[in-house]
Structure formats: structure tokens, C-alpha cells
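Close look at the chain arrangement
The residues making up each chain are set out below.
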Amino acid sequence: MSIDEEAVKGDARLYGKFVLTTNTDLPAAEVAQTYKSLWRVERTFREQKSTLEVRPLYHHRDDTCIGHIVTSFLALRLEVDLQQRLDEREVKVSWPDLMRDLGQVHAVLLELDGKRYQLRTDMIGSAHHAFAAAGVRPPSPVTLLGVIS
């Protein structure tokens, strides 16, 4: 086996380049940027499988397949919006770290002295930044739910 050195040199000028075709009127730079951001879609699918601990889905009907795609798209849209809001606030945190921190926020039900309470665990890391960026007030650390009857 031999390597064609001339072919290698010729191909080197194409390294890192890609060709896109589109039927839109968007500027070439915007098309390229949109294409490059598709890695988020792939990562979202991977993370949903691990974070939500789902097994492979085999859709046998069009409506369930469409529902799965729409749900995945909405998850991606929420991620992009939250990431933009974090960027606007100059909060630098990786998405996996943010999801880990948010995953540590839990509600705990407690019955004490004939009353029912909901306790929120402490927010660690960047969890508080996510709530603030989303414009959502975190749950109170202690909420009285009512008297046990």
C-alpha cells in the first residue's frame, strides 16, 4: 500500500471546509452558523436519553413519532432560550453542570405536628442563576401546605 502524497496535498486545501445547499434566501453566513449549531440537537437527544433515563422508542404511529420530535424540539428551544438569557447575564456555566445543579433541587414533603410542609433543598452551584435568568422565582425553602385532616 502506498500513499499518494500529491492527493494528500490537494485534499489539505479542503480541510475544515464544507459545502451546503439550501432553498432559503438567508445569507450564507447565517446558513453556515445555523448548520454549525446542529450539534445542539444531537447533544439534546443524547442528554434526554441519559438525563430522563429513557429507553429507545420505537414509534408505530405517526402521531407518537411527531409528538416525540415536537417534545425534543421544545426541549432544545428551552435550552437555547435559557442559554441566551444566561449569556446576557454573563453567567458562564456549561450545560451539563447546570443540569447537574438543577437536578439537585428537590421538593421534600414533611408532616410535623399535624401539618404538612413542602421543603426545598438548597440550591447549589448555578441553579439560582438558571431560575433568575428564566425569570422564575425559586420555590420557598419552606411552604406550609395545610393541616392534616
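Rules used in this analysis
- Residues numbered from 1 in each chain as written.
- Predicted model: local features only at pLDDT ≥ 70, side-chain atom pairs only at ≥ 80, totals over all residues.
- Heavy atoms only, no water.
- Buried < 20%, exposed > 50% of the residue type's maximum accessible area, 1.4 Å probe, protein only.
- Helix = DSSP H or I, 4+ residues; strand = E, 2+ residues; numbered from the N terminus.
- Arc of directions from axis to C-beta.
- Contact = heavy atoms within 4.5 Å.
- Core = buried A, V, L, I, M, F, W, Y, C linked by side-chain atoms within 4.5 Å.
- Salt bridge = Lys/Arg side-chain N within 4 Å of Asp/Glu carboxyl O.
- Axes fitted to C-alpha atoms, helices over the stretch in contact; angles between N-to-C directions.
- Parallel < 35°, antiparallel > 145°, perpendicular 65-115°, else oblique.
- Nonpolar A, V, L, I, M, F, W, Y, C, P; charged D, E, K, R; others polar.
- Pairing = 2+ DSSP bridges.

Turning to helix α5 (residues 95-103), its buried residues number three or more, namely W95, L98 and D101. Down the axis of α5, the sector holding all buried residues measures 125°, keeping them to one side.

Once that is clear, we can look at the side chain of D101. Residue placement: D101 occurs in helix α5. Classification of D101 by relative accessible area gives buried; the value is 4%. Among residues more than four places away in sequence, those in contact with D101 are I124, G125, S126 and A127.

Nonpolar side chains in soluble globular proteins generally cluster together in the buried interior. Membership of the largest hydrophobic core is limited to eight residues, which are L82, L86, V91, V93, W95, L98, A130 and A133. For this core, the secondary-structure elements that each account for two or more residues are α4 (62-88), α5 and α6 (127-134). For L82, the residues in contact, after removing those within four places along its chain, are W95, L98, A130, A133 and A134.

The subject of this paragraph is the pattern of salt bridges. Side chains carrying opposite charge are able to pair once their charged atoms draw close together. By the definition in use, this model includes four salt bridges. R116 is the salt-bridge partner of E111, the closest N and O atoms lying 2.6 Å from each other. A relative accessible area of 34% places R116 in the partly exposed class. By sharing partners, the salt bridges in this structure join D97, R100 and D101 into a single network.

Contact geometry for α5 and α6: axes closest at 8 Å, N-to-C directions at 95°. Taken as axis vectors, α5 and α6 run roughly perpendicular relative to one another. On the side of α5, the interface is formed by L98, D101 and L102, while α6 contributes A127, A130 and F131. Tallied by class, the residues present in the contact of α5 with α6 amount to five nonpolar, no polar and one charged.

All right, on to unusual backbone geometry then. Backbone geometry at E90 places phi at a positive 60°, although glycine is not the residue there. The topology assignment puts E90 in the loop between α4 and α5. Unlike most non-glycine residues, D113 shows phi in positive territory, near 55°. Overall, D113 belongs to the exposed group, its relative accessible area being 72%.

Right, let's get into α6. Taken together, the buried positions of α6 are occupied by A127, A130, F131 and A133. One face of α6 carries all of its buried residues, which in axial projection span an arc of 165°. Here the buried face of α6 lies against α4 and α5. Phi turns positive one or two residues past the end of α6, at G135, with a value near 75°.

Attention shifts here to the sheet that holds strand β2 (residues 115-120). Within the open sheet, the three strands sit side by side as β1-β2-β3. Their pairing is antiparallel. Looking at the sheet topology across the chains shown, the edges are occupied by β1 (107-112) and β3 (142-147). This sheet shows a mean twist of 25° between the axes of neighbouring strands, independent of strand direction.

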